[in-house]
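Chain by chain, the residues run as shown.
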Amino acid sequence: MTTLSPDIQSALEGQGIELPSWAFGNSGTRFRVFTTPGTGFRNDSLKFAEVNAEYANEFGTFSPTKIFSPIGSNVMDVQFQVAGQPTPAQVTGFGAVFSDVDVADATKIEFFDASGTRILVIAAPARSDAGGLSFVGVSYNSGERIGSVRIVSGNRSPDTGVIDGAGIDVVVLDDFVYGEPRAAEFHSGDADGDGVADPRIFRPGSATWYSLNSGSGAVSINGFGANGDIPIDGDFDGDSRADLCVFRPSNGSWWFLRSATGTVFVTVFGQNGDQPVAADYDKDGRTDIAFWRPSNGNYYILRSSTDFTSYYAFPFGQAGDIPVK
Ligand SMILES: [Ca+2]
Ligand SMILES: [Ca+2]
Ligand SMILES: [Ca+2]
Ligand SMILES: [Ca+2]
């Protein structure tokens, strides 16, 4: 996630505005897509004084090179993409720093899920001193994800005839913070959630997984499973990252480590000799537990959409065939 500049951080702290710890994560720059019903955006280095000389006195207490605002509208929408790629993404947290919030409840951030349903609205507190900043942000920690946000800045956008005051509230944005965008959908073999498959190895002798993550280029190493297990690709918990998963032929058990929570799921489904064919057959965005049985040419699918509590089966293929997986 992005990092607030030190001057903004100290300005906020000087006003007693408490910021969440996630607002100061690493400095990885992630690509955002901005849209506005207005005419465009202005990233201003002169405190918007060329738009209206009056503004030079309004937004004067912090790093002026970072001031940002939609023009022709006080509304902007933010959608997320995987860094450097056009892959649609989601985040678990997002926040913004506003400058010169005078009117309570006018400035706000609306949060939407992936389907476009509004899940939360937070209004920015009015500034507490003359050059005050206000911060609004949310960070989810139970798997919820933010598909987009709408930022409403004050009740008027900066313009030549617009004077801040007497109920007219011009507000500009100083900075954003957000969690690392992850692909909105699972892509096969993608362990780090950037939408690109990662080379992965399962070493049976030590039951160790090695993943060469496409996002960072780093290798992650994890122990999961046992010698004799078959490693399985899939996103069983639906967070767009591959989970560590094995099928254990000796007792027909399936084990996966949910990448979202680090908790283990285990169930028995199948028997020795069955061929695992895990994929998303019920199209709920999560991988289903599934196998093909060579002895009778049947597919057996344990639906993720029922939290792996119901299955169906159907014949397809015959003895001697090789299921594609
Ligand atoms: Ca204002
Ligand atoms: Ca990847
Ligand atoms: Ca996952
Ligand atoms: Ca599924």
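See the structure printed just above.
Per-chain numbering applies: the sequence of each chain, read as written, is numbered from 1 onward. Following the order in which they are written, the chains are lettered starting with A and the ligands numbered starting with 1. Residue-level local features of this predicted model are given only where pLDDT is at least 70; pairs of side-chain atoms are given and counted only at 80 or more, and the full residue set underlies all totals for whole chains, interfaces and linings.

Engineer: Now, about the sheet that holds strand 14 (residues 208-212): what can you tell me, with residues and values included?
Structural biologist: Pairing is antiparallel in the open sheet, where three strands are placed in the order 13-14-15. A single partner strand is all that each edge strand has here, and the edge strands are strand 13 (200-203) and strand 15 (219-223). Direction aside, neighbouring strands of the sheet carry axes that sit 15° apart on average. As defined by bridge partners, strand 14 adjoins strand 15 across five bridges and the pair is classed as antiparallel. Of the residues in strand 15, the one forming a bridge with Thr208 is Gly223. By definition, two strands form a pair when at least two bridges between them are found by DSSP. Secondary structure is summarised from DSSP: a helix means a run of H or I of at least four residues, a strand means a run of E of at least two, and numbering begins at the N terminus for each. Throughout, an axis means a line fitted to C-alpha atoms (over the contacting stretch in the case of helices), and angles, computed between N-to-C directions, take values from 0 to 180 degrees.

Engineer: Run through unusual backbone geometry, naming residues and quoting values.
Structural biologist: The backbone phi angle of Ser240 is positive, close to 70°, even though this residue is not glycine. Assignment of secondary structure puts Ser240 in the loop between strand 16 (230-232) and strand 17 (244-248). Field definition: a residue is buried when 20 or more other C-beta atoms are found within 10 Å of its C-beta, exposed when 12 or fewer are, and partly exposed for counts in between, with C-beta atoms placed from the backbone. Accessibility expressed as a C-beta count within 10 Å gives 25 for Ser240, which makes it buried. One non-glycine residue, Lys283, lies in the positive phi region at around 55°. Summarising the element assignment, Lys283 is placed in the loop between strand 20 (275-276) and strand 21 (289-293). Residue Lys283 is classed as exposed on the basis of its 9 C-beta neighbours within 10 Å.

Engineer: For the sheet that holds strand 22 (residues 298-302), give the residues involved together with the corresponding values.
Structural biologist: Taken in spatial order, the four strands line up as 20-21-22-23 in an open sheet, and their pairing is antiparallel. Each edge of the open sheet is held by one strand with a lone partner, namely strand 20 and strand 23 (311-315). Judged from the five bridges that link them, strand 21 and strand 22 form a sheet pairing that is antiparallel. Counted as the bridge partner of Arg293 is Asn298 from strand 22.

Engineer: Explain the pairing of strand 18 (residues 253-257) residue by residue, including any values.
Structural biologist: Here strand 18 shows a clear split, with Trp254 and Phe256 buried on one side and none of Ser253, Trp255 and Leu257 buried on the other. Sheet analysis places strand 17 next to strand 18, joined by five bridges and oriented antiparallel. When the bridges of strand 18 are listed, Cys245 appears paired with Phe256. From the end of strand 17 to the start of strand 18, which pair antiparallel, there are four residues, and Gly252 there has a positive phi angle of about 65°. Across five bridges, the pairing between strand 18 and strand 19 (residues 264-268) is antiparallel. Each bridged residue has a counterpart across the sheet, and for Trp254 the counterpart in strand 19 is Thr267. With antiparallel pairing between neighbouring strands as the criterion, strand 18 and strand 19 make up a hairpin whose turn holds six residues, including Gly262 at a positive phi of roughly 75°.

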